[in-house]
Structures are given as C-alpha cells and as structure tokens.
Amino acid sequence: MDGAGAMPLTRAGVYTREVKASLARIWENVFDWEHLPSLHATDFVACTLLDRGPKGWRIRLVNQPGDETKAQILELHADRPRHRYVVTTVEGPGAGSEIRVQLTPRAPRETHVDVEFHVHETRAERLAMIGARYVEVYARLWEEDETMMIARERAHGRLKRRAISSRAPKRIGALEALREKLPMVVSFGGEQFRLVELDGALIAHAATCPHWLGPLEGSPIENGRVRCPWHGYAFDVRSGESCDGRGLKLATPPRVVIADGVVSLEAAR
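*Asks:* In this structure, what is going on with the overall build of the chain? I would like to understand it.
*Replies:* Helix and strand counts for the chain stand at 4 helices and 16 strands. For the chain, with 269 residues in total, the buried portion stands at 43%. When contacts within the chain are restricted to residue pairs at least 6 apart in sequence, those whose partners lie at least 24 apart make up 47%. Carbon and sulfur atoms form 51% of the exposed surface of the chain, whose accessible area is close to 14,200 Å².

*Asks:* Honestly, the environment of Gly-224 in this entry has me stumped. Any pointers?
*Replies:* Tracing the backbone shows Gly-224 in the loop between strand 12 (221–222) and strand 13 (225–227). The class for Gly-224 is buried, based on a relative accessible area of 9%. The residues touching Gly-224, leaving out its near neighbours within four places in the chain, are Phe-235, Asp-236, Val-237 and Arg-238.

*Asks:* I keep staring at helix 1 (residues 23–31) and nothing clicks. Help me out?
*Replies:* Side chains of residues three or four places apart in an α-helix project in the same direction, reflecting 3.6 residues per turn. Taking burial as the measure, the 9 residues of helix 1 include 7 buried ones, the bulk of the element. Among all positions in helix 1, only Leu-23, Arg-25, Ile-26, Trp-27, Asn-29, Val-30 and Phe-31 are buried.

*Asks:* Explain the nonpolar core to me, please; I cannot follow it from the model alone.
*Replies:* Within soluble globular proteins, side chains that are nonpolar tend to cluster in buried spots. One finds Tyr-85, Val-115, Tyr-138 and Trp-142 to be the most contacted residues of the largest nonpolar core, which totals 36 residues. For this core, the secondary structure elements donating two or more residues are strand 1 (10–19), helix 1, strand 3 (56–62), strand 4 (72–79), strand 5 (84–91), strand 6 (98–107), strand 7 (110–119) and helix 3 (124–162). Considering every element that reaches this core, the biggest residue donor is helix 3, with 8 residues. Ignoring sequence-local partners within four residues, the contact set of Trp-142 consists of Tyr-15, Arg-17, Val-19, Ile-26, Tyr-85, Val-113, Val-115 and Met-149. Of all hydrophobic cores here, the second largest spans 29 residues; its members include Leu-198, Ala-206, Val-237 and Leu-265.

*Asks:* Please explain the side chain of Glu-146 as it appears in this structure.
*Replies:* Mapped onto the elements, Glu-146 comes out in helix 3. For Glu-146, a relative accessible area of 10% gives the class buried. Among the polar contacts made by the side chain of Glu-146, one reaches the side chain of Arg-17 at a distance of 2.8 Å. Other than its neighbours up to four places away in sequence, Glu-146 contacts Arg-17, Glu-18, Val-19 and Lys-20.

*Asks:* Whenever I open this one, the environment of Val-45 confuses me. Can you help?
*Replies:* Mapping Val-45 onto the fold places it in the loop between helix 2 (36–39) and strand 2 (46–53). Measuring from C-alpha to C-alpha, the distance between Val-45 and Val-62 comes to 5.5 Å, with 17 residues separating the pair along the chain.

*Asks:* What's the story with the packing of aromatic side chains in this structure? I'm lost.
*Replies:* Aromatic ring pairs are reported here in terms of the distance separating the ring centres and the angle at which the planes meet. Taken as a whole and judged by the stated rule, the model has 5 aromatic pairs. Ring plane angle 5° and centroid distance 4.7 Å describe the contact between Phe-117 and Tyr-134, whose orientation is recorded as stacked. Taken together, the residues span a long stretch of sequence, with Phe-117 in strand 7 and Tyr-134 in helix 3 at a distance of 17 residues. Both residues of the pair, Phe-117 and Tyr-134, count as buried. Centre to centre, the rings of Tyr-134 and Tyr-138 are 6.4 Å apart; their planes meet at 55°, and the pair counts as tilted. Taken together, the residues span about one helical turn, with Tyr-134 and Tyr-138 both in helix 3 at a distance of 4 residues. Like Tyr-134, the residue Tyr-138 is buried in the burial classification. Each member of the aromatic cluster is reached from another via a ring pair, and the members are Trp-27, Phe-31 and Tyr-85.

Rules and cut-offs
- Residues numbered from 1 in each chain as written.
- Predicted model: local features only at pLDDT ≥ 70, side-chain atom pairs only at ≥ 80, totals over all residues.
- Heavy atoms only, no water.
- Helix = DSSP H or I, 4+ residues; strand = E, 2+ residues; numbered from the N terminus.
- Buried < 20%, exposed > 50% of the residue type's maximum accessible area, 1.4 Å probe, protein only.
- Contact = heavy atoms within 4.5 Å.
- Areas by Shrake-Rupley, 256 points an atom, 1.4 Å probe, with all protein chains shown as cover.
- Core = buried A, V, L, I, M, F, W, Y, C linked by side-chain atoms within 4.5 Å.
- Polar contact = N/O pair within 3.5 Å; in protein donor to acceptor, adjacent residues only side chain to side chain.
- Phe/Tyr/Trp six-rings, centres within 6.5 Å; stacked < 30°, edge-to-face > 60°.

Next up, the structure:
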C-alpha cells in the first residue's frame, strides 16, 4: 500500500440519488458482482469472484484491458439491518479507500442513496480531483444499475401475471406485413418472446434471460446466438440452449405457424 495505510481516511466526495427501485432490488444489485463487466463495460473489463458469504463478497476487478497492474481486490461488507454497506479496496490502485453507502427507503419502489468516497489523501486539490472522478463514475454506474433494477421490477410483475394468462393460439398478422416489422416482441402465455427471421424462417425465442430476468429483446443476434446485456449469458436462439457452458436454458417458445399467409403462435407440443 506504499504507506497509504498509515494515513487517515478523508472524505473526497459525496454522491446522492433517488433510485426508482425497491430496497430488495438494490440489495440484489449490491451482491450481484457478476454484472460488473457486462452492464458496466465502459468502466470494467473483467471480474472474478474470490469469496462470498451472507454479508458480502471479495472480488478481483480489472478496469483496463490488457493491463493487469490496474487490477484491484475489492471487499463488500453489508449491514442489512441498518441499510448500509462499505466497499473497500484491499489491493491495487486506491488500496485502503472505502466507498460507504447508506440506503433509505422512501416508498415501495423508491430508495434514497447516499454515497461517500473516503481515500488516503489530505491535499485539497488532489481530494477535489479524486472526488470529482468518483462522482462522475458512480453517477454512470447508478444510472445503469437503476435501469436494470426498474426492468427487474417489471419482469417480476410479469411473472406474477403469467400463471393466469391464456396459452390459446394467437394470431399475429399477415406474413408480408410482419416481415417489415421484424424483429418484434410479442406476448404469449404471459411471457414475452421475440419474433425474428433467420435464414428465411420465422422463429420465436424468449425475450427474458432465465438468469436474472434480463432483457433480450434489444440484444443483437450474432451467428444464431443472443447475449444478455446484464451478465453476458449467451443462448442459441433456435434451441434456447446455453452457449457459454453455464447451463441455463431459455423458456420454451411457442410454435410459429404460417397458414394462408397469416402468422400465428401456438403452444409448443
């Protein structure tokens, strides 16, 4: 730590935000180390889990591609009863620094977040520069995280409605008119599927990742594969099978039936 441990921790900056997500979604996000290099690709390159437990995790995080000297070892220590947590940089750039976060529920789907950045620095100019950089990065991270948490809230709502939804055949529309709209998201049996054309054939694949209900409807299909933007899970859109060895599978899609130039969806046999 180059002597940094002997220096006092000084607050370099503060970031506050009203997040449109429940406390439950935020705690999920805090413990979700796996999303860092996928959802926050601008800031993180790779992340490896070293240890985890009910009160936190320990990870190895790489910020710049090809530069292992910039890797950091981070530890999360969560105090759920008091709605707060601390992330400490154990090794690497910024070793000894702490990010202290206080969560205050405001409404069922609204949480106030206070973030303080504490570093081993006392020079005013350096503190101002470090604090400004922290605030810039964390504003971006929380913006991306909030988008994910809001989407998860909506996805959980769809799961509750799915049990009472009909799986009767559903007419989508005339084939030629549909081709101009593809890809498109359709609802069937309470779930969302994306209708696409591959090699001249229409197929449907689940528009929700089975891992954390991530949105697949906007992800490009490359070589017949789709990748979740939240955690990088990849799937074959024809079979729904995992392409990354992590063992998950997309929900079974309805059959795409074309009769007399009209496209319909029917429950899989």
